[in-house]
Amino acid sequence: GQATEAARRIIEAEYAPAPDRPDKITWDEAIERLKARLATSGNRSSTLDYYLKCVRLVRGFYSVTSGPADISPGMAAAWRDAVMSTENRRKKLPSAHYVAGLINGLSALWQKWFVEDLKIVPGNPWEDVTPPKADKLPVKFATDEQIEHFYGWTESRFGDWPFPKLFLGAKAY
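Below is a summary of the structure that appears in this document. None of these values were measured; they are calculated from a predicted model.

Quick look at the overall build of the chain
Move 1: In terms of helices and strands, the chain carries six helices and zero strands.
Move 2: N-terminal to C-terminal, the α/β element order of the chain is α-α-α-α-α-α.
Move 3: Residue burial in the chain is summarised as follows: out of 173 residues, 27% are buried.
Move 4: Across the chain, contacts joining residues at least 24 apart in sequence account for 61% of those joining residues at least 6 apart.
Move 5: In the structure as shown, the chain presents an accessible area of about 12600 Å², 55% of it carried by carbon and sulfur atoms.

Okay, structure coming up:
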């Protein structure tokens, strides 16, 4: 059963019709189309700023490419590796959280805007790029002693005001 399914996938991939290749556009044209589309889509200007930052990072690294369609999955993975090993202005390596955020942002930019909405590239080269492993940030909880101290401070500062409880399950002090 598995062999039959694998054979079907191979045959479909080999004989599938070629995807429609959009006209190759330059980085400048892609940026102008993105700006125009985001202006009418109801997104915040900070979203556009973030996407433009992502484009600047990739475009600056691959200055020989003529447009977003030139970025391949191999180039995307190489970009991730280069960013992880390049010091920033403060002579520090970027955190895994920062690089993972950039990869997620680039994947969203390519998929949502360049592939689906603007249809200027045939596929998303960032979708299979594995973000770096980032440590889970520790979650800190307030102790009963800290909560008691906080409520004591609130009462001394604001008097006998019915302050809303900030901590679920906290005892009333």
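Some words on helix α2 (residues 27-41)
Move 1: Between its first and last C-alpha atoms α2 spans 21 Å; for 15 residues at 1.5 Å apiece the expected length is 21 Å, and the two agree.
Move 2: Taken together, the buried positions of α2 are Trp 27, Ala 30, Ile 31, Leu 34 and Leu 38. Down the axis, α2 shows its buried residues gathered within 95° of arc, on one side only. Every exposed residue of α2 that faces more than 90 degrees away from the buried side is listed here: Ala 39 and Thr 40.
Move 3: Looking one or two places after α2, you find Gly 42, whose phi comes out positive at around 90°.

Section: unusual backbone geometry
Backbone geometry follows two general trends: most residues other than glycine have a negative phi, and most peptide bonds adopt the trans configuration.
Move 1: Within the chain, Lys 91 stands out as a residue other than glycine whose phi angle is a positive 65°.
Move 2: By secondary structure assignment, the location of Lys 91 is in the loop between α4 (73-84) and α5 (96-117).
Move 3: The phi dihedral of Lys 119 is positive, around 55°, even though this residue is not glycine.
Move 4: You can see Lys 119 is positioned in the loop between α5 and α6 (144-158).
Move 5: When its relative accessible area of 55% is taken as the criterion, Lys 119 is described as exposed.

Reading guide: rules and limits
Residues numbered from 1 in each chain as written. Predicted model: local features only at pLDDT ≥ 70, side-chain atom pairs only at ≥ 80, totals over all residues. Heavy atoms only, no water. Helix = DSSP H or I, 4+ residues; strand = E, 2+ residues; numbered from the N terminus. Buried < 20%, exposed > 50% of the residue type's maximum accessible area, 1.4 Å probe, protein only. Contact = heavy atoms within 4.5 Å. Areas by Shrake-Rupley, 256 points an atom, 1.4 Å probe, with all protein chains shown as cover. Expected span 1.5 Å × (residues − 1). Arc of directions from axis to C-beta.

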